[in-house]
Amino acid sequence: MLLASAVVVWEWLNEHGRWRPYSPAVSHHIEAVARAGPRAGGSVVLGQADSRLAPYIIDLQSMHQFRQDTGTIRPVRRSYYDPSSAPGKGVVWEWENDSGSWTPYDMDVGITIQRAYEKQHPWVDLSTIGFCYVIDFATMGQINRQTQRKRRVRRRLDMVYPLVSGTLPKSQSWPASPGAAAAPPAPTCACPQCLLVMSVKAAVSAGGLGAATLQPRKAPPAPPAAPKAPAPAPGAKAADGTAAARGSLKVLASQGGRQQAASTPALSSVISAASPPGPGAGSGKASRPGLGTLNRSHLQRLAIAQSRVLIASGVPTVPVKNLNGSSPVNPALAGITGILMSAAGLPVCLTRPPKLVLHPPPVSKSEIQSIPGISHTCRKTTKKQAKKGKTPEEVLKKYLQKVRHPPDEDCTICMERLSAPSGYKGPQPAIKPDLVGKLAKCGHIFHLHCLVAMYNNGNKDGSLQCPTCKTIYGVKTGTQPPGKMEYHIIPHALPGHSDCKTIRIIYNIPPGVQGPEHPNPGKSFTARGFPRHCYLPDSEKGRKVLKLLLVAWDRRLIFAIGTSSTTGESDTVIWNEIHHKTEFGSNLTGHGYPDINYLDNVLAELAAQGITEESLAQEKD
């Protein structure tokens, strides 16, 4: 136990291993239930705090978030932060994603940004906490240090996260009830979601899961009103516990009329057939197992039997993930909640989750075809050294016009006024710090001193990218490590493109040692997941995308060396903001087909790297 004062932020773990904060309102709701202890039921219905989170329930006993319509389960945690930090002041920092909506930063990132903002720093470098970004407070932008891509950020005020003081538990788990044998409490409200949650707990914690206590019975007529499920008194016999569980089922069934009530006996028989007898079944005493103690094989049989009943009755199926989860609580929550949702008249049926189809069926060498209009079927890249003979000043001279009378504006690189000398404090280039120049195409104005410093910190390949609007001057190249790119046609169609065959691209990059153009020269780098297989439809637009990807490959722009956003590993080969489809026959991860916008999106991403149809003509020249 720790004696302290702190704000509490509830967080959930996403698929990339990052802890994402719930909003202040949702955290207040979760914290209120957690503070109420076991008498509140131990389950939090997030839809009561935010209607957008209606499918989600948090089980405080196991510290997991459960999504009712898919069965997906994620860990949650209760974190403590300094009351003087961003969550204690109601400050939320967000970045604009590709769809134009705003996403809050992870809590530790938001706190770091707010700390720099309060100290009136012109910018903050997030590399100290493992992210390759700079936040520029003057332009309210996030800049990727490797690609120079810029996104908008914003700071907004929200309600303050819940404050706690006194003794804080070191553990973030929800305490178990001292009287675990006591009857489950009544729901905090009479909404269908709360009734559903409490029915799950009644069915599991009451002694009604024994084969001797739940038997098939005839369907009762639908009651005119939904009576409240009676809570069995502590120490009640098994039959009384069973009655409570059945009462909960009847309440749910009555919400939807006769059809739901009629399905209850079938579900009762499923529970009876699939569940093991309780330890006290023979003695008439109710056993009260927790979800974590249920046997996996019994839970599997329970789910399969329930599926058969519902499929036979014509109920539409909805896949439920994690049926084969890593702990018994996963199928327990998915199976039992699915059963009781069905009793409530909801069209749910447990099925196996759809399969991830990464690769096409086997293809023989004789079936592989070259792509018409594209020579060869393989390209290799090696480390290309920067062009020698031209100084940074000579490179910039091609793209700049000198400005004798600078406007009364800030230089967006050093954040000093253009009428004053450059504020760049790094290695000093051989150029006067008060000279100002305007880029010819876009017209943005900077200190020449700052532009030379920016060029020296980049790839020094003879190209320049405007830090404000991202206009590219010259031919932009990247820092992709040496590797091989293969491409050919296979005789299988992608989902959504049944009218054509498929272009398969195979990238292969081995691990190696970083060069002078990489983040950590001389240090080894890893190359995970290679060879990587990617897919395009063999259509006119698909072939156009392939041709431009070949240009991007030759310019070393497909991959880079950095920190993986999926695993958090540093000094590894990562994608360089040109998205590829790596699923052949499914779209479970979002990297597959069908996706009607993908080809247009990837063309836009290539254009952002300076690769357009004009680039094809340049390559021929």
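Please read these numbers as outputs of a predicted model, since none were measured by experiment.

*Asks:* Sorry if this is basic, but what is going on with the sheet that holds strand β9 (residues 123–125) here?
*Replies:* In a beta sheet, neighbouring strands are held together by backbone hydrogen bonds and run either parallel or antiparallel to one another. Taken in spatial order, the six strands line up as β8-β7-β12-β11-β10-β9 in an open sheet, and their pairing is antiparallel. The sheet terminates laterally at β8 (102–104) and β9, the two strands that pair on one side only. Between one strand axis and the next, the sheet turns by 30° as a mean value, whatever way the strands run. In the packing of helix α3 (residues 107–118) onto the sheet, contacts are made with β7 (91–96), β9, β10 (133–136) and β12 (150–157), and the angle to β7 comes to roughly 110°.

*Asks:* Looking at this model, I keep getting lost on the confidence of the model for the protein. Mind explaining?
*Replies:* Do not read the fine detail of predicted coordinates wherever pLDDT is low. Per-chain confidence: the protein averages 74 in pLDDT, with 67% of residues scoring 70 or above. Confidence, read as mean pLDDT per element, is least for helix α5 (residues 238–256) in the protein (36) and greatest for strand β21 (residues 502–508) (97). Across residues 170–197 the pLDDT falls below 50, and counting only partners more than four positions away or on other chains, this stretch makes 58 contacts in the model. With pLDDT under 50 throughout, residues 203–296 is counted as low confidence; its partners more than four residues away or in other chains account for 145 contacts.

*Asks:* Can you help me understand the packing of helix α9 (residues 392–399) against helix α10 (residues 448–456) in this one?
*Replies:* The axes of two packed helices give the description: the angle between them and the distance between them. Close contact between α9 and α10 brings their axes to 10 Å; oriented N to C, the two are set at 115°. Remark: the crossing between α9 and α10 carries right-handed chirality. Contacts from P392, E393, V395 and L396 of α9 reach α10 at L448, L451, V452, Y455 and N456.

*Asks:* Help me out: how do you make sense of the environment of G542 in this one?
*Replies:* Examined against the element boundaries, G542 turns out to sit in helix α11 (residues 540–554). The class of G542 is buried, set by a relative accessible area of 0%. Between the C-alpha atom of G542 and that of D600, which follows or precedes it by 58 residues, the distance is 10.0 Å. Aside from chain neighbours lying at most four places away, what touches G542 is I503, L536, P537 and L599.

*Asks:* Teacher, can you tell me more about the packing of aromatic side chains here?
*Replies:* Between two aromatic rings, the relevant description is the distance of the centres plus the angle of the planes. Applying the stated criterion across every chain, the model contains eleven aromatic pairs. Ring centres of Y117 and F137 lie 5.5 Å apart, and the angle between their planes is 70°; this geometry places the pair in the edge-to-face category. Of this pair, Y117 sits in helix α3 while F137 sits in the loop between β10 and β11 (141–144), placing them 20 residues apart in sequence. On the basis of relative accessibility, which here comes to 12%, the residue F137 falls in the buried class. By way of ring pairs, the aromatic residues Y507, F530, W553, F559 and W575 are connected into one cluster. Directly above the ring of F530 sits R532, whose terminal nitrogen or CZ lies 4.3 Å from the centroid. A cation over a ring is seen here: K581 above Y593, with NZ or CZ 6.0 Å from the ring centre.

*Asks:* Whenever I open this one, unusual backbone geometry confuses me. Can you help?
*Replies:* If a residue is not glycine, its phi is most likely negative; likewise, a peptide bond is most likely trans. A cis amide bond, omega 0°, links F530 with the succeeding residue P531. For P531, the position within the fold is in the loop between β23 (524–525) and β24 (532–537). Looking along the chain, the bond that leaves Y593 and enters P594 is cis, with omega of 5°. Notably, H376 is not glycine yet its phi reads approximately 65°, a positive angle. One can find H376 in the loop between α8 (329–343) and β14 (378–381). Of note, the phi angle at E577 is positive, near 65°, even though the residue is not glycine.

*Asks:* How should I be thinking about the nonpolar core in this particular structure?
*Replies:* A general trend in soluble globular proteins is that nonpolar side chains are found buried together. Counting 39 residues, the largest nonpolar core has M485, I505, Y507, L536, L546 and L549 as its most contacted members. Secondary-structure elements contributing two or more residues to this core are β20 (483–490), β21, β24, α11, β25 (559–562) and α12 (598–608). Counting residues per element, this core draws most heavily on α11, which supplies eight residues. Not counting residues up to four positions away in its chain, the partners in contact with L549 are M485, I505, Y507, L536, I558, I578, H580 and L606. Counting residues in hydrophobic clusters, the runner-up holds 21 residues, among them C414, L448, L464 and C466.

*Asks:* Explain the sheet that holds strand β16 (residues 436–439) here, please?
*Replies:* What the three strands build is an open sheet, ordered β15-β16-β17; its pairing is antiparallel. Lying at the two open borders of the sheet, with one neighbouring strand each, are β15 (400–402) and β17 (445–447). Each adjacent strand pair in this sheet contributes to an overall mean axis angle of 40°, direction not counted. For β15 and β16, the ladder comprises three bridges, and the chain directions are antiparallel. The partner of K402 across the bridge, within β16, is G437. Here α9 sits on the sheet and contacts β15 and β16; the angle it forms with β15, its principal contact strand, is near 90°.

*Asks:* I would appreciate a short explanation of the side chain of H518 in the present structure.
*Replies:* Positionally, H518 belongs in the loop between β22 (512–513) and β23. H518 sits in the buried class, given a relative accessible area of 5%. A polar contact is formed between the side chain of H518 and the backbone nitrogen of G515, at a distance of 2.9 Å. If near-sequence neighbours (up to four positions away) are discounted, H518 is found in contact with T479, R556 and I561.

About the thresholds
- Residues numbered from 1 in each chain as written.
- Predicted model: local features only at pLDDT ≥ 70, side-chain atom pairs only at ≥ 80, totals over all residues.
- Heavy atoms only, no water.
- Pairing = 2+ DSSP bridges.
- Helix = DSSP H or I, 4+ residues; strand = E, 2+ residues; numbered from the N terminus.
- Axes fitted to C-alpha atoms, helices over the stretch in contact; angles between N-to-C directions.
- Contact = heavy atoms within 4.5 Å.
- pLDDT = per-residue confidence, 0-100.
- Left-handed = near helix turned anticlockwise from the far one by under 90°.
- Buried < 20%, exposed > 50% of the residue type's maximum accessible area, 1.4 Å probe, protein only.
- Phe/Tyr/Trp six-rings, centres within 6.5 Å; stacked < 30°, edge-to-face > 60°.
- Lys NZ or Arg CZ within 6 Å of the ring centre and 35° of its normal.
- Core = buried A, V, L, I, M, F, W, Y, C linked by side-chain atoms within 4.5 Å.
- Polar contact = N/O pair within 3.5 Å; in protein donor to acceptor, adjacent residues only side chain to side chain.

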